[in-house]
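An overview of the molecular structure
Residues per chain are reported as follows:
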Amino acid sequence: MLLESSDEHFMRMALREAEKAWRAGEVPIGAVITHRNIVIGKGYNQTEMLQDPTAHAEMIAITAAAEHLGSRRLIDCVLYVTLEPCTMCAGAIVLARVPRLVFGARDPKAGGCESLYSITTDDRLNHRCDVRGGVLADECGGMLRSFFAELRAEKRNGRLSDN
């Protein structure tokens, strides 16, 4: 029970990161990395702001956590992210040796951990991590649905261009 409440606590922090992305006009995905239950890295999507296709929430959080630890290996860490990581981020999770991943909403179109691919648990790779999906999934998925509904409404009303 303690693990579940801890997972929800840190997922709520990731949701707050996702809100920052939304306010910046980015797809609202947030990530938090803990080391022995202490937050050492945070991130939110910044692909539009930085014009960098790799500026996903997970990548930013992994970089911050590695810098904090002074190591590319995120041993004893847990990554919390509001949406199932894509294949790029799943690969980075494996390379960073993250032992545990907790995500909110599943991503049936681009999920790299359960939905389309299982990169983080693939026995052919030299590292795997424990994956728990669906934590606060309704809240995480609801935020994404609301964001895209708002975006479509703005487009219909002519406030956004197709560029």
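Structure's up top.
Residues numbered from 1 in each chain as written. Predicted model: local features only at pLDDT ≥ 70, side-chain atom pairs only at ≥ 80, totals over all residues. Heavy atoms only, no water.

Time to look at the nonpolar core. Judged by nonpolar contacts, the single largest core of 39 residues is most densely connected at M11, I33, I62, L74, L79, I93 and L101. Residue assignment for this core shows that the elements contributing at least two residues are α1 (2-23), β1 (30-35), α3 (57-69), β3 (77-83), α4 (87-95), β4 (100-105) and α5 (137-156). Ranked by residues supplied to this core, first place goes to β3 with six residues. (Core = buried A, V, L, I, M, F, W, Y, C linked by side-chain atoms within 4.5 Å. Buried < 20%, exposed > 50% of the residue type's maximum accessible area, 1.4 Å probe, protein only. Helix = DSSP H or I, 4+ residues; strand = E, 2+ residues; numbered from the N terminus.)

Compared with the 18 Å implied by 1.5 Å per residue over 13 residues, the 18 Å span of α3 between its first and last C-alpha is a close match. Listed in full, the buried residues belonging to α3 are A57, E58, A61, I62, A65 and A66. The arc that holds every buried residue of α3, seen down its axis, measures 155 degrees, which confines them to one face. Among the exposed residues of α3, those oriented more than 90 degrees off its buried face are T63 and E67. Positive phi shows up at G70, right after α3, with a value of about 70 degrees. (Expected span 1.5 Å × (residues − 1). Arc of directions from axis to C-beta.)

Here we come to the environment of A21. With respect to the element layout, A21 can be found in helix α1. Separated by 41 residues in sequence, A21 and I62 place their C-alpha atoms 17 Å apart. Contact partners of A21, with chain neighbours within four places excluded, come to E26, V27, P28, I29, Y44 and N45. (Contact = heavy atoms within 4.5 Å.)

The next point concerns the packing of aromatic side chains. The tally for this structure, following the rule as stated, stands at three aromatic pairs. Ring geometry for W22 against F147: centres 5.7 Å apart, planes inclined by 90 degrees, an arrangement best described as edge-to-face. On the criterion of sequence distance, the pair formed by W22 in helix α1 and F147 in helix α5 is long-range, its members being 125 residues apart. Judged by centre distance (5.1 Å) and plane angle (80 degrees), the ring pair of F147 and F148 falls under edge-to-face. (Phe/Tyr/Trp six-rings, centres within 6.5 Å; stacked < 30°, edge-to-face > 60°.)

So, about unusual backbone geometry. Located in the positive-phi region is R36, a residue other than glycine, with phi close to 55 degrees. Positionally, R36 belongs in the loop between β1 and β2 (38-44). The residue Q51 is not glycine, and still its phi comes out positive at about 50 degrees. Looking at where Q51 falls in the secondary structure, it is placed in the loop between α2 (47-50) and α3.

Look at α3 against α4: their axes get within 9 Å of each other, and the N-to-C directions meet at 20 degrees. In terms of orientation, α3 lies roughly parallel with respect to α4. The way α3 lies across α4 gives a crossing that is left-handed. Across the interface between the two elements, E58, M59 and I62 from α3 touch M88, C89, A92 and I93 from α4. Split into classes, the residues belonging to the contact of α3 with α4 amount to six nonpolar, no polar and one charged. (Axes fitted to C-alpha atoms, helices over the stretch in contact; angles between N-to-C directions. Parallel < 35°, antiparallel > 145°, perpendicular 65-115°, else oblique. Left-handed = near helix turned anticlockwise from the far one by under 90°. Nonpolar A, V, L, I, M, F, W, Y, C, P; charged D, E, K, R; others polar.)

Here we take up the side chain of E58. Of note, E58 is situated in helix α3. No salt bridge is formed by the buried E58, whose closest oppositely charged neighbour, R106, lies at an N-O distance of 14 Å. (Lys, Arg positive; Asp, Glu negative; His and termini not counted. Salt bridge = Lys/Arg side-chain N within 4 Å of Asp/Glu carboxyl O.)

Bringing the pairing of β2 into the picture now. Sheet topology places β1 next to β2; six bridges connect them, and they run antiparallel. For G30, the partnering residue across the bridge sits in β2 and is Y44. (Pairing = 2+ DSSP bridges.)

Taken as a whole, the largest pocket holds about 550 Å³ of empty space. If you trace the largest pocket, you find 22 residues lining it, with V27, L83, D107, L144 and F148 closest to the centre. Ranked by residue count, the leading element in the lining of the largest pocket is α5, at seven residues. Counted by class, the lining of the largest pocket contains 11 nonpolar, three polar and eight charged residues. (1 Å grid on protein atoms, 1.4 Å probe; cavity = no way out; pocket = protein on both sides within 12 Å on 5 of 7 lines; lining within 4 Å. Points joined across faces, edges and corners; volume = space filled by probe spheres on them.)

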